[in-house]
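Summary of structural features
Now for the letters of each chain:
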Amino acid sequence: MGPQGPRLEDGHRPLVRTPRPRRRPSVERHARPFRLHLFWSPQLNAAPADQIRLLDVQALDVRLQQIAHKRRSLPEHAEIESLNKDLTQLRDLLVAAQTEESDCAREQTKAEQDVDQVRQRAARDQQRLDSGAVSSPKDLENLQREITSLAKRQGDLEEIVLEVMERRESAQERVAELTERVSAVQAKVDDATGRRDAAQAELDGEAASVAKERELVAGSVPADLMKLYEKLREQQGGVGAARLYQRKCEGCHIELNITELNEVRAAAADAVVRCENCRRILVRTSESGL
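For clarity, every value in this text was computed on a predicted model and none was experimentally measured. (Residues numbered from 1 in each chain as written. Predicted model: local features only at pLDDT ≥ 70, side-chain atom pairs only at ≥ 80, totals over all residues. Heavy atoms only, no water.)

**Overview of the overall build of the chain**
- Along the chain, the regular secondary structure elements total seven helices and five strands.
- Along the chain, helices (α) and strands (β) appear in the sequence α-α-β-α-α-α-α-β-β-α-β-β when read from the amino end.
- Out of the 290 residues belonging to the chain, those deemed buried represent 30%.
- Considering only contacts in the chain between residues 6 or more positions apart, those separated by 24 or more positions represent 78%.
- For the chain, the accessible area works out to roughly 19,800 Å², and carbon and sulfur atoms hold 51% of it. (Helix = DSSP H or I, 4+ residues; strand = E, 2+ residues; numbered from the N terminus. Buried < 20%, exposed > 50% of the residue type's maximum accessible area, 1.4 Å probe, protein only. Contact = heavy atoms within 4.5 Å. Areas by Shrake-Rupley, 256 points an atom, 1.4 Å probe, with all protein chains shown as cover.)

Laid out in structure tokens, this is it:
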């Protein structure tokens, strides 16, 4: 018997080398996809003139965005906001001054009533004293002491009245001053509001004119091309189509490399080309540098 091969221990499987099936080359792994399928929209074609009109639509949309931004950024907005803050503070101060003046008025009325009560009581006592109706020395002494006390009390209350009147007068002056300042600031608010409204009306008129022109131009562009443009414009911050100018996309401002330029050159004139970088519709003109 010839020599035997290595004996397999019980429980071990033979080491059989089963050939693995060969994997077919993957197009995704080993071959670069044809870039044109990514570079322009498949099955979407539009005449070159329609694509150029799309640039007109884009220019009008940019103008509408600029008008809207200008409307939001009018200097009168900040001016009115600042003035209204000042006006709110002045009105709060005015309310506080008016409240103080009202409190002083009530306090003055109360103090004057107290003076009148003391004065009337002192007058009655003095009348009793002068009438001779009180004959008892002790009662006369008490009556005279009370008249003296009432006179002091009346003097103290009159001092209080004077002090309250001074505070009230000061509060009234403060109310008058603040009322004048509120009126002055309110006049400035009204003036700024008028200027803002006039500027907004002018911009609104301009926007309406541009929107009407945009409607006319957009109506001459094929519906499927406009649909793609509107979708891209929403996704790309308001710019859905850009001109290819001197080999550069004016949407993302990136220059196309030689491979991308060759793909664009190879595209049919009515093919709707997309920028490889920003995905916007790339419109070719005589100045594209192709």
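**Digging into unusual backbone geometry**
- Backbone geometry at Gln-246 places phi at a positive 50°, although glycine is not the residue there.
- Positionally, Gln-246 belongs in the loop between strand E2 (241-245) and strand E3 (248-249).
- Take Gln-246: its relative accessible area is 47%, and that puts it in the partly exposed class.
- You will see that Arg-279, though not glycine, has its phi angle at about 70°, which is positive.
- Assignment of secondary structure puts Arg-279 in the loop between strand E4 (271-274) and strand E5 (281-284).

**Description of the pattern of salt bridges**
- Applying the stated rule across the entire model yields 24 salt bridges.
- As a salt-bridge pair, Arg-214 and Glu-230 come within 2.7 Å of each other at their nearest N and O atoms. Placement of Arg-214 in helix H5 (residues 137-219) and of Glu-230 in helix H6 (residues 223-235) is noted, with a sequence separation of 16 residues between them.
- Using a relative accessible area of 14% as the deciding quantity, one classes Arg-214 as buried.
- One salt bridge in this structure joins Glu-250 and Arg-243, with 2.9 Å as the shortest N-O distance.
- Judged by relative accessible area, which is 34%, Glu-250 ranks as partly exposed. (Salt bridge = Lys/Arg side-chain N within 4 Å of Asp/Glu carboxyl O.)

**Section: the pairing of E5**
- Alternating residues of E5 divide into Ile-281 and Val-283 and Leu-282 and Arg-284, and every residue in both groups is buried.
- By the bridge criterion, four bridges tie E2 to E5 in an arrangement that is parallel. Considered in E5, the bridge of Ala-241 is made with Ile-281.
- Across two bridges, the pairing between E4 and E5 is antiparallel. Residue pairing for E5: Arg-274 is matched across the bridge by Ile-281.
- Where E4 folds back onto E5 in an antiparallel hairpin, the turn is made up of six residues, including Arg-279, whose phi is positive at roughly 70°. (Pairing = 2+ DSSP bridges.)

**Topic: the packing of helix H3 (residues 48-72) against H5**
- The contact between H3 and H5 brings their axes to 9 Å, and the two run at 165°. The angle between H3 and H5 falls in the class roughly antiparallel. Classified by chirality, the crossing of H5 by H3 is left-handed. Note on element contacts: H5 touches H3 through Gln-200, Leu-203, Asp-204, Glu-206, Ala-207, Val-210, Ala-211, Glu-213, Arg-214, Val-217 and Ala-218, opposite Arg-53, Asp-56, Val-57, Leu-60, Asp-61, Arg-63, Leu-64, Ile-67, Lys-70 and Arg-71. (Axes fitted to C-alpha atoms, helices over the stretch in contact; angles between N-to-C directions. Parallel < 35°, antiparallel > 145°, perpendicular 65-115°, else oblique. Left-handed = near helix turned anticlockwise from the far one by under 90°.)

**Quick look at the environment of Leu-93**
- Tracing the chain through its elements places Leu-93 in helix H4 (residues 75-131).
- Leu-93 sits in the partly exposed class, given a relative accessible area of 40%.
- It is 9.7 Å that separates the C-alpha atoms of Leu-93 and Thr-179, two residues lying 86 residues apart in sequence.
- Every residue in contact with Leu-93, bar those within four places of it in the chain, is listed here: Arg-174 and Leu-178.

**Things to note about H6**
- Over its 13 residues, H6 runs 18 Å from end to end, which matches the ideal 18 Å to within 8%, given 1.5 Å per residue.
- Those residues of H6 that fall on the buried side of the exposure criterion are Leu-225, Met-226, Leu-228, Tyr-229 and Leu-232. Projected down its long axis, H6 carries its buried residues within an arc of 160°, all on one side. For H6, exposure combined with an orientation more than 90 degrees from the buried face picks out Ala-223, Lys-227, Glu-234 and Gln-235. (Expected span 1.5 Å × (residues − 1). Arc of directions from axis to C-beta.)

**Notes on the confidence of the model for the chain**
- Put simply, the chain has an average pLDDT of 86, and 85% of its residues get 70 or more.
- Element-level pLDDT for the chain is lowest in helix H1 (residues 27-30), with a mean of 34, against a maximum mean of 97 in H3.
- Confidence drops under a pLDDT of 50 for residues 1-38, and excluding neighbours within four residues, the segment shows 14 contacts in the predicted structure. (pLDDT = per-residue confidence, 0-100.)

**Description of the packing of H4 against H5**
- Two numbers describe how H4 lies on H5: the axes approach to 5 Å, and their chain directions differ by 160°. In terms of orientation, H4 lies roughly antiparallel with respect to H5. Pair H4 / H5 crosses with left-handed handedness.
- Classifying every residue of the contact of H4 with H5 gives 30 nonpolar, 12 polar and 22 charged. (Nonpolar A, V, L, I, M, F, W, Y, C, P; charged D, E, K, R; others polar.)

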